[in-house]
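One letter stands for each residue in the lines below.
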Amino acid sequence: MATVIRERRELFGHPVGLFILFFTEMWERFSYYGMRGILTLYIAASATAVDPGLGWSNKDAIWLYGWYTMLVYVASIPGGWIADKFLGQKKTVLYGGILLCLGHGILAIPQDWAFFTGLILIILGVGGLKPNISTMVGGLYEDGDIRRDSGFTIFYIGINVGAFLASISVGLVAYYYGWHYGFGLAGIGMLLGQAVYLWGQKFLKGIGEFTGGEQVSEAERLAAKKPLSKIEKDRIVVLLISFLIVIVFWGAFEQAGGLMNLYTDAKIDRTIGLSWLQEIPAAVFQSLNAAYIIIFGTVIGGFWIWWKKKGRESSSLFKMAIGTIIMGLGYIFMMYASQEASSETFGKAAMYWIFLAYLFHTLGELCTSPVALSFITKLAPLKYASIMMGVFFAATGFGNKLAGSIGESAQLEPYNGEMLYTKQQVIPFMEKDSIEFKNDQKQIETTYDYPINEDKNFSIKTTVFVDGGDLVFKRYESDEILNPIFSLDTKAEEGLRATLKEEGVTPEKPYHANLTFEKDADAAQDIANKGDGKNYGVSFVLSEEQNEQEYQTFLWLTIFTVAFGFLVLLFLKKLKKLTHGAEDHEVDKMEQEGYEIADENIKD
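Residues numbered from 1 in each chain as written. Predicted model: local features only at pLDDT ≥ 70, side-chain atom pairs only at ≥ 80, totals over all residues. Heavy atoms only, no water.

Novice: So what's going on with the packing of helix α4 (residues 89–107) against helix α5 (residues 112–139)? Which residues, and what values?
Specialist: Where α4 meets α5, the axes come as close as 7 Å, and the angle between the chain directions of the two elements is 155°. Relative to α5, α4 is oriented roughly antiparallel. Of the two possible hands of crossing, α4 and α5 adopt the one that is left-handed. (Axes fitted to C-alpha atoms, helices over the stretch in contact; angles between N-to-C directions. Helix = DSSP H or I, 4+ residues; strand = E, 2+ residues; numbered from the N terminus. Parallel < 35°, antiparallel > 145°, perpendicular 65-115°, else oblique. Left-handed = near helix turned anticlockwise from the far one by under 90°.)

Structure (C-alpha cells):
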C-alpha cells in the first residue's frame, strides 16, 4: 500500500502552516515571558511607591511565582484532555489564545482583583494553547518525514525570539512607564499572536481537528474508539521514561532563573566601563539562552539530519541523553567561576564563565527539548496525542519545581538581627552614592545622598571570628569593632558561634561576611518618617560557607546530570525496542515519493 502524501504549500522546505504556528507561538511566548519577567518585581514592589506593587515580601513573592509557573505547565494536562475528548487541538488553541488575551488585558488594570483574575486566566489559557499547538506542529508532517525534528527546532526558535524580545521591551516599558503598562504590552503581543493564528487557518486545514468529529477520516474516527494495542502501550511506557529525562533536564537547566541569576548578580564581575553603562545588569544575561538558540537552532537541527544520513545513531532518546550530558557539562564552567570568585576575599569571577555555561546549557537544550516535543508526536497514540503532550509540559513544570528546590538548597539561611545605632552613629560606616527614584510624573530622577536618608539598604564588609568564647565582628581591612552597631537573635548568635568553632575559625584566619542593613518594609511605607534611620534589621551569611555551598551545588549538578545521561545511553537499546521502530523509517521527503510498505506490521 503506497504512503499517502498530503500536498501542502511549502516555504523554505517546510509547510507554510509551520510558520503560522511559529509566529503564533512567538507572540504567545512574548506575552508569557514578558509578564513573567516583571511578575515577582511587581509582587514585591512597595504598595505605597510612586509605581505601586502588591507590597508582599520577597519570600511570599517567590512562593506565588513558584506555584504560578508550575500551574502554567500542569494546566497542559487538562488542556490536552479537552482537546482530545471534546474540541480538537485547533479549537483548543483558539480558545486558549482568547483566554490569554483576556488575562493579559485584565492584568493591565491596576487593581488587586484584576491581578489574581488575570493570573488564573493566563494559567488556563497557556494550558489550552501550549500542548496543543506543539501537537499541531507534528501533524504538519507525514509519518517518517525526516524534516519533523528540524521543523520542531524552527518552531522552538520562534519561542525564543519571543522570549528574547520580551525580556528587553516589556522590562523597559514597565521600568519607564509602570508595571501595568508592561503587562499591557505583553497583552498586545498575545493579540498579535491570535491575529496571526486566525489569519493562517487556511494553511492548517486538516491539522488538529477533533478526532470524534465529522471532518476526519473513517480511520481517524476508528482510532478514537479503538483500545490501545501492545505496541501503543509499550510506546507510552517509553514516553513516560522520557518524561523522567525531561524532569531531570529542566531541574538542572532552570537554575538560570534562580541560582545562576543570583550568582551572576553577586559573584560575577559585570563591569564594562562604558560612559553610558558602567556594568551589565544581571537580568540581561537571561537573554543569552534565547540569543544562543536563535543563532544555533538551525545549525543543531541540520547537524542531526546530516548525522542520521551518515547512518549513525540518531534516535530521539539518544539526542535527549546527549543533550542532558552537554547541559550538565556547562556547570563545570560554574565550578570554575565559583573557584575564581572564592580565591579572593569578596572576590568575583569573570563574565566569560557565564557566557560559556549558558552556551553549553543552550546546546544541550537544543538537543533535548525540541526533540522531546517531536518524540511525543511520533510515539503517542492518536487518541491520546494531546494528553501525552500535556503530561510532557507537566513534567516540565515538575522540573521547574525541582530546580527551585535545588536553587533554594544552595542558599544558606541568613543570620538575622537588628541595628542598634542611630542614623547619626551609623552614617560614618557608609558612603554617599547616586540613588535613583521616580517622581510624581513617573520620570526617573537621581539624588546624591547617604542611602539611609532615602530608606535604602546599605552594607558593611566584616571579618568574623570567635575570640575567648566571644563573637567578634571587625570591619574588613580595619581594626574597627562592629559589635555595638547591631545585635543578633539569640538563636542566630548561638548557631554562628557553633559554626565558627566547628570550622576552627580564629582571629588569624577569620571568616568574612557582608552585613546588609535593610529597613522594615512596613515602616518604609510611612513617608512621614522617611530617612529617620529607624527600624533597620541586619542579615548576612558567611562568605566562605556560601561559596562552598554554591560550589558543591554546581559540582553535584554536573555529576548527576552527566551520570543520568550516560545511564540513558546504557539502556538505549532496550528502550528503543519498546518504541517498535517508530523512528526507523524516517526519510527525506523527496525520498518518500513512491515509498511502499508491503506489510504494514513489518516495522513492528
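Further notes follow.
Novice: Give a description of the sheet that holds strand β3 (residues 415–419) that names residues and reports values.
Specialist: Pairing in this open sheet of 6 strands is antiparallel, and the strands run β7-β6-β9-β10-β3-β8 from one edge to the other. Each edge of the open sheet is held by one strand with a lone partner, namely β7 (470–475) and β8 (486–488). Strand-to-strand twist in this sheet, taken as the mean axis angle between neighbours without regard to direction, amounts to 35°. Two elements, strand β6 (residues 458–467) and β7, share 6 bridges in a ladder whose sense is antiparallel. Among the inter-strand pairings, V464 is bridged to a residue of β7, identified as F473. Against the sheet, helix α16 (residues 490–502) makes contact with β3, β6, β7, β8, β9 (511–519) and β10 (536–540), and its axis sits at roughly 60° relative to β6, the strand it touches most. Against the sheet, helix α18 (residues 543–570) makes contact with β3 and β9, and its axis sits at roughly 100° relative to β9, the strand it touches most. (Pairing = 2+ DSSP bridges. Contact = heavy atoms within 4.5 Å.)

Novice: Could you give an account of the packing of α4 against helix α7 (residues 179–199), with specific residues and numbers?
Specialist: Their axes nearest at 8 Å, the elements α4 and α7 cross at an angle of 160°. As judged from the angle between their axes, α4 and α7 are roughly antiparallel. Crossing of α4 over α7 shows left-handed handedness. From α4, K90, V93, L94, G97, I98, L100, C101, H104 and L107 reach across to α7, where they touch H180, F183, A186, G187, M190, L191, Q194, Y197 and L198. Tallied by class, the residues present in the contact of α4 with α7 amount to 12 nonpolar, 5 polar and 1 charged. (Nonpolar A, V, L, I, M, F, W, Y, C, P; charged D, E, K, R; others polar.)

Novice: Hey, could you go over the pattern of salt bridges for me, with residue numbers and the actual values?
Specialist: In the structure shown here, the tally under the stated rule is 10 salt bridges. When the shortest N-O distance is used, the salt bridge between D234 and K230 registers 2.7 Å. With a gap of 4 residues between them, D234 and K230 both fall in helix α9 (residues 230–253), about one helical turn apart. Residue classification places K230 among the exposed positions, given a relative accessible area of 58%. One salt bridge connects K530 with E454, and the closest N-O pair in it is separated by 2.9 Å. With K530 in the loop between α17 (521–524) and β10 and E454 in the loop between β5 (444–449) and β6, this residue pair connects regions lying 76 residues apart in the sequence. For K530, a relative accessible area of 45% translates into the label partly exposed. (Salt bridge = Lys/Arg side-chain N within 4 Å of Asp/Glu carboxyl O. Buried < 20%, exposed > 50% of the residue type's maximum accessible area, 1.4 Å probe, protein only.)

Read these as geometric descriptors, not functional statements.
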